Amino acid sequence: MFNKRTRIKDLLANESLSSGVIVMGWVRTFRNNQFIALNDGSTNNNLQVVAELGKFKESILKRITTGAALKVSGEMISSLGKGQKIELKANSIEILGDSDAEKYPLQPKKHSLEFLREIAHLRFRTNTFASVFRVRHTLAFAVHKFFNDKGFVYLHTPIITASDAEGAGEMFHVTNFDLTHPAKNEDGSINYKEDFFGKATNLTVSGQLEGELAAMALADVYTFGPTFRAENSNTARHLAEFWMIEPEMAFYDLEDNANLAEEFIKYIISYALENNKEDLEFLSQRLAEEEKQKPQQERSEMGLIEKLEFVINNNFERLTYTEAVQILKESNHNKKKKFQYLIEEWGVDLQSEHERYLVEKHFKKPVILIDYPKQIKAFYMRQNDDGKTVAAMDILAPGIGEIVGGSQREERLDKLTERMNEMHVSTEELDWYLDTRRFGSVPHAGFGLGFERVVQFVTGMTNIRDVIPFPRTPKSAEF
RNA sequence: UCCUCCUUAGCUCAGUUGGUUAGAGCAUCUGACUGUUAAUCAGAGGGUCCCCCGUUCAAGUCGGGGAGGGGGAGCCA
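Residues numbered from 1 in each chain as written. Chains lettered and ligands numbered in written order. Predicted model: local features only at pLDDT ≥ 70, side-chain atom pairs only at ≥ 80, totals over all residues. Heavy atoms only, no water.

A. Structural view of the overall build of chain A. In terms of helices and strands, chain A carries 14 helices and 16 strands. With the principal axes as the frame, chain A shows a C-alpha extent of 85 × 60 × 40 Å. Burial status across chain A gives 49% buried among its 479 residues. Counted over contacts in chain A with a minimum sequence separation of 6, partners at least 24 positions apart contribute 68%. (Helix = DSSP H or I, 4+ residues; strand = E, 2+ residues; numbered from the N terminus. Buried < 20%, exposed > 50% of the residue type's maximum accessible area, 1.4 Å probe, protein only. Contact = heavy atoms within 4.5 Å.)

So, in structure tokens, the structure goes:
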């Protein structure tokens, strides 16, 4: 058996002095031909390995370079130096993998996030990304734990789909055709009957409609999987491939839905705070240093951990679209024409500058906006009695904007088909979806939450490309 | 897709009005030192100035086009 190693995190936490300890990891720095800062990914804190002078051959010492992988066995002793309490006095050092220092791109210094994005295959070896991806893991685990504890069923919805009527965004085509010679109809159009699935297929943009089908039997379900949008979006909060969480609940109205979403967000944040305190403290410090570079007025008032605790301990502000428009309309910002798009009439969609104003300036906390005008929302949202609005909800978070989009679904067959016809959504193609309204339809609701945006919010990373291991964006699908 | 900024050594950047052999810090290599903490000290090597075209006696520098990247907007999660 090869792996009998002890994790560095455990060694440092226990502070126990013992012999016969084996650690494996990667060299961060090698100082004075004697002191190795070794990291094994379990924590950002390095273990100081001491290679006593004269004890090891020059041929071994030469190979202890930044990035090299080592297996070290020895004795944990109280440190003779000042920077750490304990250290590993090496009895043997085995080079598991060499690292040519002249070619290894990571140096013991600060690198720009843009540069690290270009070497995304190696950026896990930096403290920032190690922390981000440990936190990402914890959040993903917390998602499953939250829903499992509440009796939800984790539903795997298809990644390849033939339904193109969801209107959530541009889709990537999935085909097995030889693109230079696809099968064609007599009129020259592509004949998808000859394609792999016998029809045109795409990568999913949302598992919601399938989620609703399962919710009509299992009552409480959620999805958590990859989602694809072929939008040409070049921003710090959009990806072509991202992970989405979509709970769908029978016997829920809009208020139940908002309550669940708020409880859910608070739960996963507190779970990360409890289980990744060290990483969040590191990221908090990183963010604080980054903030120092900004002009005073652009700096955020709260530190990262402070902000997370604030979100956990305060209720999200809830108001209707109509109330929000009223606030925006009467704001000094609007009167002084500081908005690029001035708020004049009811019914227009809010721009991100308006959302930011509400969240960051007016309420200074997460906001749940409900009851949007029906003409700016999807066909499946439940129509309110006023005839003008639908039971939609968006949750807006400081710094990143829309983090959750959801609604109570239209459960009344006649109302739903009427709306589909108005919006030119094919009732034939979605006949299977309408069956849920034909047989035992019940009030139900759900929401979608972009996982990377949550990771951004919790880690304080400002660019979404830095919270997913290998980001897919327009003109970029490296690794 | 639109607006805007950027691209010079492995990294972060400087480079004057267009003018001889393009610089610094860090990293790397060599040597010294040896309880260091992104060690320190001394020395050395390292360049397709993003690409193409043009203006000019002369282009890292000016003009046009292209590519890549950042920030903002739209679309959204």
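B. Quick look at the packing of helix 4 (residues 127-149) against helix 14 (residues 451-459). Helix 14 packs onto helix 4 with a crossing angle of 125° between their chain directions and a minimal axis gap of 10 Å. Considering the angle they form, helix 4 stands oblique to helix 14. The two elements helix 4 and helix 14 meet at a crossing, and its hand is right-handed. Together, Val-132, Val-135, Arg-136, Leu-139, Ala-140 and Val-143 of helix 4 and Phe-451, Glu-452, Val-454, Val-455, Val-458 and Thr-459 of helix 14 make up the contact between the two elements. (Axes fitted to C-alpha atoms, helices over the stretch in contact; angles between N-to-C directions. Parallel < 35°, antiparallel > 145°, perpendicular 65-115°, else oblique. Left-handed = near helix turned anticlockwise from the far one by under 90°.)

C. Local environment of helix 9 (residues 321-330). Buried within helix 9 we find Tyr-321, Ala-324, Val-325 and Leu-328. For helix 9, the buried positions fall inside an angular range of 100° around the axis, keeping them on one side. Tucked into the core, helix 9 has its buried residues touching strand 12 (317-320), helix 10 (332-335), helix 11 (352-363) and strand 13 (367-373). (Arc of directions from axis to C-beta.)

D. Summary view of the side chain of Glu-262. Tracing the sequence through the fold places Glu-262 in helix 6 (residues 254-275). Residue Glu-262 is classed as buried on the basis of its relative accessible area, which comes to 6%. A polar side-chain atom of Glu-262 sits 2.8 Å from a polar atom in the side chain of Lys-266. (Polar contact = N/O pair within 3.5 Å; in protein donor to acceptor, adjacent residues only side chain to side chain.)

E. Representation of the pattern of salt bridges within the structure. Applying the stated rule across the entire model yields 26 salt bridges. When the shortest N-O distance is used, the salt bridge between Lys-145 and Asp-149 registers 3.1 Å. Note that Lys-145 and Asp-149 are positioned in helix 4 at a spacing of 4 residues, about one turn of the helix. Residue Lys-145 is classed as partly exposed on the basis of its relative accessible area, which comes to 30%. Between Glu-317 and Lys-365 there is a salt bridge, and its shortest N-O distance comes to 3.6 Å. Remark: Lys-365 occurs in the loop between helix 11 and strand 13 and Glu-317 occurs in strand 12; sequence separation between them is 48 residues. On the accessibility criterion, Lys-365 (18% relative accessible area) is buried. (Salt bridge = Lys/Arg side-chain N within 4 Å of Asp/Glu carboxyl O.)

F. View of the sheet that holds strand 12. The 8 strands lie next to each other as 6-10-11-16-15-14-13-12, forming an open sheet whose pairing is mixed. The two strands at the open ends of the sheet, each matched to only one other strand, are strand 6 (153-154) and strand 12. Relative to strand 11 (residues 241-250), strand 10 (residues 220-228) runs antiparallel, the two being bridged by 9 bridges. Residue pairing across strands places Thr-223 opposite Glu-246, the latter belonging to strand 11. Against the sheet, helix 11 engages strand 12, strand 13, strand 14 (389-397) and strand 15 (401-409), with an angle of about 140° to strand 13. (Pairing = 2+ DSSP bridges.)

G. Structural detail: the sheet that holds strand 1 (residues 21-31). Read around the closed barrel, 5 strands run 1-2-3-5-4, paired in mixed fashion. Each strand axis lies, on average, 55° off the axis of its neighbour in the sheet, ignoring direction. Two strands pair when backbone bridges link them, and strand 4 (residues 69-78) and strand 5 (residues 86-97) are joined in this way by 10 bridges, in the antiparallel orientation. Directly across from Ser-73, in strand 5, lies its bridge partner Ser-92.

H. Geometry of the protein's contact with RNA strand B. Close to RNA strand B lie 50 residues; Asn-32, Pro-108, Thr-235, His-238 and Arg-453 are nearest. When the atoms of RNA strand B within 4 Å of the protein are sorted by group, sugar and phosphate make up 49%. Interatomic distance of 2.8 Å between a side-chain N/O atom of Arg-117 and a phosphate oxygen of RNA strand B. At a separation of 3.2 Å, a phosphate oxygen of RNA strand B approaches a polar side-chain atom of Asn-463. Sorting the residues of the surface near RNA strand B by element identifies strand 1, helix 3 (113-118), strand 11, helix 11, strand 15 and strand 16 (444-450) as the ones contributing at least two each. Of the residues belonging to the surface near RNA strand B, the class tally is 11 nonpolar, 22 polar and 17 charged. (Near = heavy atom within 4 Å. Nonpolar A, V, L, I, M, F, W, Y, C, P; charged D, E, K, R; others polar.)

I. Main features of the packing of aromatic side chains. Per the stated rule, a full pass over the model turns up 24 aromatic pairs. Their ring planes at 40° and their centres at 6.1 Å tell us that Phe-141 and Tyr-271 sit as a pair that is tilted. Taken together, the positions of Phe-141 in helix 4 and Tyr-271 in helix 6 put the pair 130 residues apart, joining distant regions of the chain. For Phe-141, a relative accessible area of 44% translates into the label partly exposed. (Phe/Tyr/Trp six-rings, centres within 6.5 Å; stacked < 30°, edge-to-face > 60°.)

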